[in-house]
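Chain by chain, the residues:
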Amino acid sequence: MDLNYTVDEQDFQSEVHGFFKTKLPNDLSRKVKEKKRLSKEDMETWHAILNEAGYLNAHWPVEFGGKGWNAIQRDIFDVESSAAGAPRVVPFGVNMLSPVLMAFGSKEQQQHYLPRILDGTDWWCQGYSEPGSGSDLASLKMSAVRDSDHYVLNGQKTWTTLGQHANMIFCLVRTSKEGKPQEGISFILVDMDTPGVEVRPIIMLEGTHEVNEVWFTDVRVPAENLVGEENKGWTYAKYLLVHERSGIAGVGDALASIEHLKHIAQDQKKDGKPLADDPMFAARLSEIEIDLSAMRTTNMRVMQQAAEGAPPGPEVSMLKVKGTVLRQSINDLTRRALGPYAMPFVSEALDFGYNEKPIGPDYANPMSMDYFNHRKTSIYGGSNEIQRNIISKMMMGL
Amino acid sequence: MDFNHTEERQMLADMAGRFVREQYEIETRHKNAESDDGFSRETWGQLAELGLIGALFSEDAGGFGGAGFDVAVVFEQFGRGLVVEPFLANLLAGTALTDGNESQKTILESVITGETLLAFAHGEPSGRYYASHVETSAKAADGGYVLNGNKGVVISGDTADHLVVSARTSGAGDDKDGISLFLVPANVDGVHVRGYPTIDGYRAAEIALKDVKVSADALIGAEGRGLSIIETAHARGTLAVSAEALGAIEVAIDLTLEYLKTRKQFGVPIGKFQALQHRMADMMTEREQIRSALINAAGSLDSDERDWNISALKNLVGRSGRKIAEEVIQMHGGIAMTWEYAAGHYSKRIIMIDHMFGDEDHHLEQIIKIGKAA
Ligand SMILES: Cc1cc2nc3c(=O)[nH]c(=O)nc-3n(C[C@H](O)[C@H](O)[C@H](O)COP(=O)(O)OP(=O)(O)OC[C@H]3O[C@@H](n4cnc5c(N)ncnc54)[C@H](O)[C@@H]3O)c2cc1C
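What you see as residue numbers is a count from 1 along each chain, following the sequence as written. Chain letters and ligand numbers both follow the written order, the letters beginning at A and the numbers at 1. Residue-level local features of this predicted model are given only where pLDDT is at least 70; pairs of side-chain atoms are given and counted only at 80 or more, and the full residue set underlies all totals for whole chains, interfaces and linings. Neither water nor hydrogens contribute to the side-chain values; these are computed over all heavy atoms in the structure.

## Thoughts on the site of the ligand
Then, in step 1: Lining the immediate surroundings of the ligand are 30 residues, of which Ser135, Thr161, Ser383 and Glu385 of chain A together with Gln330 of chain B lie closest.
Then, in step 2: Polar contact is the term for a pair of N or O atoms within 3.5 Å; when the atoms are in protein, one must be able to donate a hydrogen and the other to accept it, and sequence-neighboring residues count only if both atoms are side-chain atoms. The backbone of Gly334 of chain B places a nitrogen or oxygen atom 2.8 Å from an oxygen atom of the ligand.
Then, in step 3: Only DSSP runs of H or I reaching four residues or more are called helices, and only runs of E reaching two or more are called strands; each is numbered from the N terminus. Residue assignment for the shell around the ligand shows that the elements contributing at least two residues are helix H12 (384-396) of chain A together with helix H9 (306-332) of chain B.
Then, in step 4: Only Asp, Glu, Lys and Arg are considered charged, only Ala, Val, Leu, Ile, Met, Phe, Trp, Tyr, Cys and Pro nonpolar, and every remaining residue, Gly among them, polar. Classifying every residue of the shell around the ligand gives 13 nonpolar, 14 polar and 3 charged. To be near a molecule or strand, a residue needs just one of its heavy atoms within 4 Å of it.

## Here's the deal with empty space enclosed by the protein
Residues and elements named next belong to chain B.
Then, in step 1: With a 1 Å grid spanning the protein atoms alone, the term cavity applies to any set of points in which a 1.4 Å probe fits but cannot get out, the term pocket to an open set with protein on both sides within 12 Å along at least five of seven lines, and the term lining residue to any residue with an atom within 4 Å of a point. Grid points are joined across faces, edges and corners, and a volume is the space filled by probe spheres set on the points. Following the criterion strictly, the structure yields 3 cavities of 30 Å³ or more and no others.
Then, in step 2: Considered as a void within the structure, the largest cavity measures approximately 370 Å³ in volume.
Then, in step 3: Along its surface, the largest cavity is lined by 25 residues, and Gly123, Gly152, Val153, His234 and Phe357 are the ones closest to its centre.
Then, in step 4: Those elements that place two or more of their residues in the lining of the largest cavity are helix H5 (87-97) and strand E3 (144-155).
Then, in step 5: In terms of residues, the lining of the largest cavity owes the most to one element, E3, which gives 4 residues.
Then, in step 6: Taken together, the residues that form the lining of the largest cavity break down as 16 nonpolar, 7 polar and 2 charged.
Then, in step 7: Here the second largest cavity defines a volume of roughly 190 Å³.
Then, in step 8: Elements that contribute at least two residues to the lining of the second largest cavity include exactly helix H4 (68-81) and H5.
Then, in step 9: If one sorts the elements of the lining of the second largest cavity by residue count, H5 sits on top with 3 residues.

## Some points on the environment of Leu47 of chain B
Residues and elements named next belong to chain B.
Then, in step 1: Mapped onto the secondary structure, Leu47 falls in helix H3 (residues 41-49).
Then, in step 2: Partly exposed describes any residue whose relative accessible area lies between the buried limit of under 20% and the exposed limit of over 50%, with all areas from a 1.4 Å probe on protein chains only and scaled to the type maximum. Classification of Leu47 as buried rests on a relative accessible area of 1%.
Then, in step 3: Through-space distance from the C-alpha of Leu47 to that of Glu85 is 9.2 Å; in sequence the pair is 38 residues apart.
Then, in step 4: Here a residue-residue contact requires only that any non-hydrogen atoms of the pair lie within 4.5 Å. Ignoring any residue separated from it by four or fewer positions in sequence, one finds Leu47 in contact with Phe19, Leu52, Ile53 and Phe87.

## Focus on the pattern of salt bridges
Then, in step 1: Between Lys or Arg on one side and Asp or Glu on the other, a salt bridge is scored when a side-chain nitrogen of the former is within 4 Å of a carboxyl oxygen of the latter. A complete count under the given rule lists 42 salt bridges over all chains for this structure.
Then, in step 2: We note a salt bridge from Asp122 of chain A to Arg116 of chain A, for which the minimum N-O separation is 2.8 Å.
Then, in step 3: For Asp122 of chain A, a relative accessible area of 5% translates into the label buried.
Then, in step 4: Among the residues examined, Arg116 of chain A registers a relative accessible area of 27% and is labelled partly exposed.
Then, in step 5: Where Asp147 of chain A meets Arg220 of chain A, a salt bridge forms, and the shortest distance between an N and an O atom there is 2.9 Å. Taken together, the residues Asp147 of chain A in strand E2 (residues 143-147) and Arg220 of chain A in strand E7 (residues 209-222) connect sequence positions 73 residues apart.
Then, in step 6: When its relative accessible area of 36% is taken as the criterion, Asp147 of chain A is described as partly exposed.
Then, in step 7: A relative accessible area of 38% places Arg220 of chain A in the partly exposed class.
Then, in step 8: Residues joined in a network through salt bridges with shared partners are Arg284, Asp332, Arg335, Arg336 and Arg375 of chain A together with Arg322, Glu326, Asp354, Glu360 and Asp361 of chain B.

As structure tokens, then:
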């Protein structure tokens, strides 16, 4: 074992570091670091810059135009990206749909959609959850009925992240009520401009608009938009869930957030001394750092095993649980660090170009919002309860 | 020992409870919170008429309550309704005025009738939770005083008619002596108030004092002896927000319980999953622990045991309150992440109460200090 980067890995790190230094627009990284609202254009701009550099799909297999990055490379990129204050890549097209299309899509679908994902022509969102089907996704009801060369879709998806920006949605739909619920689900691609698709905003508890309801009324979708075979959609959806192991732990974001918290803890004074010197605060922070240091290695071990072809195991679920709880504990300690200034919240101050004097320290305004917003991470993508069910089922075999 | 409330106090609790249940639904609450003032003056008037402001003050002060349990039962109901009307600010500042001169006591009477609004302008931008941290200065001049300094996160500070302001007449930094309190009309020259919302739907203000001239009779109590008044006000305020947290916790747990019984996944109510049952059991146990700590603190509010019990209560509210607030969201799933559903608003209030009068760690530190001094 050798915990040092090889020469190649060192070179890779400086290459990536240089990229963020020269190509990440200043305004954009300031917005991210100051937790301002990102516009659709901001996200598109960054997407285009990554694509131009060949980094957007560097994790794709070489045969599909990727660079086939290994676990260490992906970790380095993730950590550098967060440290530089780069926006998170919207994952639905390039990280979620693409692997499914590569594994199960037709040649035509691959040739049509993959380039459009890269060049930003299509913005995808994920239509899995329904009001009655969250954790029990297989109970989903939205129907797709074949009508000659079309499917006719009726029903409702919900919690659709950034659906307000999207022009395409990949959906799990019910094509059969026979047999087990999992056996009647299909995976279909829908143009959101089709008549009968309606997007309605859901406002979150901290007042942000990031999720939506998407309603479907007699929406006619060409049959060629079906991915793979009819009634096999569950297999594809599951493939997607276990295939996308990287990034689930959120190591880079956690590291950057701890740096930010340390900065806050130096600036905040308690009894005339930096809060960072307070024993109780320092104990809480140090515990988080211990956990994170171990998790970073767990993450790389899991990703490397995956790259070497190990079948997906319970480790993915471990990373999801540990990663989200850890991230939430950083949010929690950050709000504590602010003292009374965790309370003020001026929504307009989230807009870039707001130039009134901040209430309290300039970093304070978004931090409680972030704390509440990040409660979502242990709910979505398979809740932490569901992840623990998976871990215990796989490991205990009872 | 007797853990029952007196008949009168039970009536007070029932009355406040009925008002919240019948006239303060969550939609009304949001409407009041989102109005220009951040609360409804009409509601405030109604509540004053019901005697709910008077219940917070003793008969000597013109009220008809003022005991720890009076404050506790009323604020518990306010917590159940997430009531945004400025009770806390008026409790704090009003408590200070009970030590005031005759004209200040007259003002307190008009607070109790709902005509006058006060705020407690004590905390400062760099003071965190330390009661003796006062940098604002009060210099004697022309038979009165001139005030200069900055006050931060003054609860309901943007709608108050008068401010109770702490300022140093001597000493520096965190000295315990030398802090004086003044009653200052909010509209005099040199008082600059910048109001803003808090993330849980309440209002606060940053207040800058620039050469604010007040007369000698603006002083509340004796010069330089303000800290013990501030500590009394803070103890009562801490009791109040802790009771509020308990009320919010009760509703949040009830909502969760109801949801666990009705929300079905995998063909069964999610409450059937033991992974959730045990956590629910813990939450309900913690709720009872908080209720007991509240009883301990309310019962010792006017005794030597006050500070230990108040800090024990606030530590528990911070520690267990956080757990409950987070679990309430988690056990609901996505629905509790929305503005439209009430549970998230209760969680926000419970968490933000950790930032008033000292958080979990602050009060643990106080408990350790008191233990060492004993
Ligand atoms: C901010 C946000 C963004 C999202 N984005 C998307 C998106 O883009 N696309 C999409 O399709 N979906 C999205 N989701 C939906 C998300 O995947 C679901 O919220 C999640 O699957 C949980 O479902 P639910 O909310 O219906 O909760 P429920 O499934 O009703 O669960 C309620 C509670 O019961 C627990 N529970 C359920 N079953 C069990 C069990 N067997 N054992 C123990 N506990 C159990 C859960 O863990 C949870 O605590 C998003 C959700 C959020 C909050």
